[in-house]
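Fold and contact review
This is what each chain is made of:
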Amino acid sequence: PPVIFGLDSVHGANYIKGAILTPHQINLAATFDVNAPFFVGVLASRDSRAAGVNWLFSPVLGIAMNPKWSRVYETFGEDPLVVSRMGSSLIKGIQFYSDEVENHGIPSRAAACGKHFLGYSMPLNGHDRSPSWIPKRHLYQYFLPSFRDAVKEGNVMTMMHSYSEYDGVPMASSRDALVNILRKELKFNGVLVTDYQEIENLVSWHHVARDNDEAVKLSLAETSIDMSMVPFDIIEYQERVERSVTKDGEISSSGDIPYPSHPKSVSIDRINESVRRILELKEKLGMFDEEISPDMNDLNMDLVGSESDQDMALQIAKSSIILAKNDAAALPIINSSSSNARTKIFVAGPTADSIRYQSGGWSLDWQGSQKDGFFWYGKSILRGLRDEAKKEDSFISLASSCGVDIMGEMCIDNLPDVAEGLSSISTAASMAQEADYIVICVGEESYSEKPGDIH
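Anyway, here's the lowdown on the structure attached to this text.

Each value, and the rule that gives it
Residues numbered from 1 in each chain as written. Predicted model: local features only at pLDDT ≥ 70, side-chain atom pairs only at ≥ 80, totals over all residues. Heavy atoms only, no water. Helix = DSSP H or I, 4+ residues; strand = E, 2+ residues; numbered from the N terminus. Expected span 1.5 Å × (residues − 1). Contact = heavy atoms within 4.5 Å. Salt bridge = Lys/Arg side-chain N within 4 Å of Asp/Glu carboxyl O. Buried < 20%, exposed > 50% of the residue type's maximum accessible area, 1.4 Å probe, protein only. Disulfide = S-S within 2.5 Å.

**Details of helix α12 (residues 307-319)**
Because an α-helix completes one turn every 3.6 residues, residues spaced three or four positions apart along the sequence face the same direction. Across its 13 residues, α12 extends 18 Å between first and last C-alpha, which sits within 8% of the 18 Å expected from 1.5 Å per residue. Where α12 is buried, its residues touch α1 (25-31), α2 (35-50) and α11 (299-303).

In structure tokens:
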């Protein structure tokens, strides 16, 4: 059968060359416009499919309850209703297909993937992949609604379970979460995939299995997992599954330990159950009827990175801006001078002249782009203000200094008139005194997942 490829297209098709990055989910939530995620999903799906990828590991459906967690910006925030509505809208956009559209390209359809089931977004100590301590009442009242809506309203085709453990049981071996809740209560019949190497992590991270063979049997016997995300040892994993199977239709357990059950073998019926769900997914996506080849004329490829895509992403980004405070009516910036003198604006801060810091994690690279030069379009805040100052009818003049670098240390300005030996902070403070307005651009380094832990 054709191979299905999945990709973390989490704010636009962020790994596809030339594609437009759209705002992260936390920004989409800030628009309070349920249509915005739909259009973002349509765009991410189309651009991913242009590269032959028809499975998007999006959206994140967890609610952000611990601000120390490194994946808060990937969520729709802390409100279960907002997360549910926004999540379902994004799913519908990713999976959008209509007979009224003349040409969807090839592949013509894509599957969304609701993640990360369940309770992953509330790590007790704030560290990614650390255990979640969530009372069952809170689990059902706050953490489950977005996943329920993804199934009921969004008709999500796939789900991904989380790295974490809930109630002391790793998700990759949790019958309660992945059979009782997901399959029986939520009635989810789609494909369930693990997160990165999570079955092997039952040995190396969670320490509930003695070796990888036992981990495979444990996950198959206890859960409804259909596919393991194994980045390296694909053949070895396949062999472990084959070794785990018994032909008698029974799951054999050692029975000496209540949990984990440490099964000796797994029913072939259990394997067939997952095979059926995977084949049904491929059929829904039209993969048995469509063929991807280097010679095909895919209209989607010509649409990647279009001006209309840029305009849409820009409008959504503008809609997501939050004005937290406006003391003394500081905004909007106006021409306060009665003479011909221009209004002086001073810009400082480590993120003032950086597209990569504006974009964050999952931007061209897992941890975010390491260089501004990798972005083929876009402007930093400083460059945008410079362009404004150059306009013939502009009433502003501009000065800038970095002040500090992203780690709060001294930075190098390369300004021609800076006195020798003067620190970057002193330079910025001196220049700021001459300004009518001061724009300070702060932020943090780009990161995602575990490397973003606060230590």
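**Examining the pattern of salt bridges**
For the structure shown, the criterion picks out 23 salt bridges. Put simply, Arg 46 and Asp 309 hold a salt bridge, and the shortest N to O gap is 2.5 Å. Of the two residues, Arg 46 is situated in helix α2 and Asp 309 in helix α12; the sequence distance between them amounts to 263 residues. With respect to burial, Arg 46 and Asp 309 carry one shared label: buried. The partner of Asp 226 in a salt bridge is Arg 277, with the nearest N and O atoms 2.8 Å apart. In this pair, Asp 226 sits in the loop between α8 (212-222) and α9 (234-244) while Arg 277 sits in helix α10 (residues 268-284), placing the two residues 51 residues apart along the sequence.

**Structural notes on the state of the cysteines**
By definition, a disulfide links two cysteine residues through a covalent bond between their sulfur atoms. This model, assessed by the stated rule, comprises one disulfide. The disulfide partner of Cys 402 is Cys 411, and the S-S distance across this bridge is 1.9 Å. Across the disulfide from Cys 402 to Cys 411, rotation about the S-S bond amounts to roughly 100°, and the bridge is consequently right-handed. What makes Cys 402 buried here is its relative accessible area of 17%.

So yeah, pure geometry; function would need other evidence.
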